[in-house]
Protein chains: 2
Amino acid sequence: MSEPEITVLEALHSTPARRYLSPEPIGDDIVRKLLDAAIRGPNGGNTQRWAWIVLRDPAVKAQIAAFYQEGWDKLYGVHREVMLAQPESANGQGPANFRAGDHLAAHIQEAPVWIFPVLLGAAKSANPRLGASIYGAVQQLMLAARAYGIGSTLTTLHSGHEAETRELLGLPEDALTMALVPLGYPSKGRWAEPKRRPLDEVVFNDRYTAS
Amino acid sequence: MSEPEITVLEALHSTPARRYLSPEPIGDDIVRKLLDAAIRGPNGGNTQRWAWIVLRDPAVKAQIAAFYQEGWDKLYGVHREVMLAQPESANGQGPANFRAGDHLAAHIQEAPVWIFPVLLGAAKSANPRLGASIYGAVQQLMLAARAYGIGSTLTTLHSGHEAETRELLGLPEDALTMALVPLGYPSKGRWAEPKRRPLDEVVFNDRYTAS
């Protein structure tokens, strides 16, 4: 298998959340490459108080998929009619985005590999910057996946059932699942640039000014 | 200016924290490219409740550098003798790493550009996964910097003085500075692969098992 040649700048600009994922299997050699890239990411004091659970077990996925669907319904599904009636926005927050999220909620268990990035000893942390020790590594995982043509998206909607998820994954009580990242070859969509507000609306020189 | 050709996989494996940074200025066109890559990162529901402060003002930097030095001294500086007496470890947590952090604490104000990734409306959040909406974008910033030969490191040691920092940056009371990322051309060190524990110690198939 030759190494993908995509440049880092191209990858940074063409890794949107991919929510239509096929059940096509992902080789374990590739999954290991993604994780080997992930763990090169930053973490406080290089203490690496993390664990990376690679979940493929269909029965466990089905149970956590139900937690995910519930989280989706509570946060977004309840706004279905309003969301679908909106015009498409330049920010990518319109009906197409809603339908993609809705599709993922109904089909997440079909994604062949799920990754749970976990922080050990973090369950009682009150540090709002806790995620500084793992989400950079998660981004590395998703960018490496992009290089291999594998889609992913950073989700946290399972977390309404954190205790049950922890138990299903055999995690100690002080562990915290920081995300659920489904991985799969995309079945729809493309590697387009993520739509965002114009840079000048969010970047400030020296001092913030309210808009 | 031609676009850097480094592949994403190479960048993911060769972007360590760079703590020896020269005062050589960074062009504003490059800083904008880094931020344009950053904002393509993930954020919850694409709401983009973020602001990116580009700090170059020497007087403000000097004040926040004092907060940073204090944070360093409290968390790491107090362990100076123990840290410097340890053997170098395969994890990169030995004396060389301590000296690099110590150098950064004493010289951070010399880095020509500082980026503060800020979450708006987040100051009272109790969500331990809050950082999911910004640290992936911060990683994109640091990887784009890597492409241009610019070093960076994800730090949070200023945060013992969050209220004063917020005021110095003109941020609203409900904003939270999620990091301080100094940017600069490296004056020492190299783009080596970050040292981490072996993959098999931190990756688990389907279920976690305590080591």
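Described below are features of the structure shown in this document. Here the structure is a predicted model, which is why all the values come from computation and not from measurement.

Quick notes on the interface of chain B and chain A
Then, in step 1: In this assembly, 77 residues from chain B lie in contact with 77 residues from chain A.
Then, in step 2: Counting the surface lost from both chain B and chain A, the interface buries some 6,800 Å², and carbon and sulfur atoms represent 55% of this.
Then, in step 3: When the buried surface of chain B facing chain A is broken down by residue, Arg 40, Arg 129 and Arg 196 of chain B rank first, second and third, together holding 12% of it.
Then, in step 4: Where chain B meets chain A, there are 6 salt bridges.
Then, in step 5: A salt bridge links Arg 32 of chain B to Asp 200 of chain A, with the nearest nitrogen and oxygen atoms 3.0 Å apart.
Then, in step 6: One can count 42 residue pairs in polar contact (both at pLDDT 80 or more) joining chain B with chain A.

Focus: the relation of the copies chain B and chain A
Then, in step 1: Once chain B is rotated about the relating axis by 180° and shifted along it by 0.0 Å, it coincides with chain A to within an RMSD of 0.0 Å. Seen this way, the second copy is the image of the first under a two-fold rotation axis.
Then, in step 2: When you check the interface residues of chain B against chain A, 100% turn up at the interface there too, and the contact is symmetric in its surfaces.

Overview of the packing of helix 6 (residues 135-147) of chain A against helix 6 (residues 135-147) of chain B
Then, in step 1: Between helix 6 of chain A and helix 6 of chain B, the least distance of the axes is 7 Å, while the angle of their chain directions is 65°. When the axis of helix 6 of chain A is compared with that of helix 6 of chain B, the two are roughly perpendicular. In this structure, the crossing between helix 6 of chain A and helix 6 of chain B has a hand that is right-handed. Together, Tyr 135, Gly 136, Gln 139, Gln 140 and Leu 143 of chain A of helix 6 of chain A and Tyr 135, Gly 136, Gln 139, Gln 140 and Leu 143 of chain B of helix 6 of chain B make up the contact between the two elements.
Then, in step 2: Looking at side-chain class alone, the contact of helix 6 of chain A with helix 6 of chain B contains 4 nonpolar, 6 polar and no charged residues.

Some details on the packing of aromatic side chains
Residues and elements named next belong to chain A.
Then, in step 1: A full pass over the atoms with the stated rule returns 10 aromatic pairs over all chains.
Then, in step 2: An aromatic cluster of three or more residues is present, and its members are Trp 72, Tyr 76 and Phe 98.
Then, in step 3: Here Arg 18 stacks its cationic end above the ring of Trp 191, 4.5 Å away from the centre of that ring.
Then, in step 4: The positively charged end of Lys 188 is found above the aromatic ring belonging to Tyr 20, 4.5 Å away from the centroid.

Topic: helix 6 of chain A
Residues and elements named next belong to chain A.
Then, in step 1: If you check helix 6, its first and last C-alpha atoms are 18 Å apart, about what 13 residues at 1.5 Å a residue would give, namely 18 Å.
Then, in step 2: For helix 6, the buried fraction is high: 13 of the 13 residues fall into the buried class.
Then, in step 3: Gly 149, located one to two residues past helix 6, shows a positive phi value of around 75°.

Side note on the nonpolar core
Then, in step 1: One finds Trp 52 of chain A together with Trp 52 of chain B to be the most contacted residues of the largest nonpolar core, which totals 87 residues.
Then, in step 2: Residues Leu 21, Tyr 68, Leu 157 and Ala 175 of chain B belong to the second largest nonpolar core, which totals 28 residues.

Focus: the environment of Ala 179 of chain B
All names here are of chain B.
Then, in step 1: Of note, Ala 179 is situated in the loop between strand 4 (176-177) and strand 5 (181-184).
Then, in step 2: What makes Ala 179 buried here is its relative accessible area of 0%.
Then, in step 3: Spatially, the C-alpha atom of Ala 179 lies 17 Å from that of Ala 126, the residues being 53 residues apart in sequence.
Then, in step 4: Those residues in contact with Ala 179 that lie beyond four places of it in its chain are Ile 115, Phe 116, Pro 117, Tyr 135, Leu 154, Thr 155, Thr 156 and His 158.

A few points about unusual backbone geometry
Residue and element names in this part refer to chain B.
Then, in step 1: In this structure, Asn 46 is a non-glycine residue whose phi angle is positive, near 50°.
Then, in step 2: Within the secondary structure, Asn 46 is located in the loop between helix 2 (28-38) and strand 1 (50-55).
Then, in step 3: For Asn 46, a relative accessible area of 9% puts it in the buried group.
Then, in step 4: A positive phi angle, near 50°, is found at Gln 48, a position not held by glycine.
Then, in step 5: Given a relative accessible area of 1%, Gln 48 falls into the buried group.

About the thresholds
- Residues numbered from 1 in each chain as written.
- Chains lettered and ligands numbered in written order.
- Predicted model: local features only at pLDDT ≥ 70, side-chain atom pairs only at ≥ 80, totals over all residues.
- Heavy atoms only, no water.
- Contact = heavy atoms within 4.5 Å.
- Buried area = accessible area lost by both parts, 1.4 Å probe.
- Salt bridge = Lys/Arg side-chain N within 4 Å of Asp/Glu carboxyl O.
- Polar contact = N/O pair within 3.5 Å; in protein donor to acceptor, adjacent residues only side chain to side chain.
- Least-squares fit on C-alpha atoms with pLDDT ≥ 70 in both.
- Axes fitted to C-alpha atoms, helices over the stretch in contact; angles between N-to-C directions.
- Helix = DSSP H or I, 4+ residues; strand = E, 2+ residues; numbered from the N terminus.
- Parallel < 35°, antiparallel > 145°, perpendicular 65-115°, else oblique.
- Left-handed = near helix turned anticlockwise from the far one by under 90°.
- Nonpolar A, V, L, I, M, F, W, Y, C, P; charged D, E, K, R; others polar.
- Phe/Tyr/Trp six-rings, centres within 6.5 Å; stacked < 30°, edge-to-face > 60°.
- Lys NZ or Arg CZ within 6 Å of the ring centre and 35° of its normal.
- Expected span 1.5 Å × (residues − 1).
- Buried < 20%, exposed > 50% of the residue type's maximum accessible area, 1.4 Å probe, protein only.
- Core = buried A, V, L, I, M, F, W, Y, C linked by side-chain atoms within 4.5 Å.

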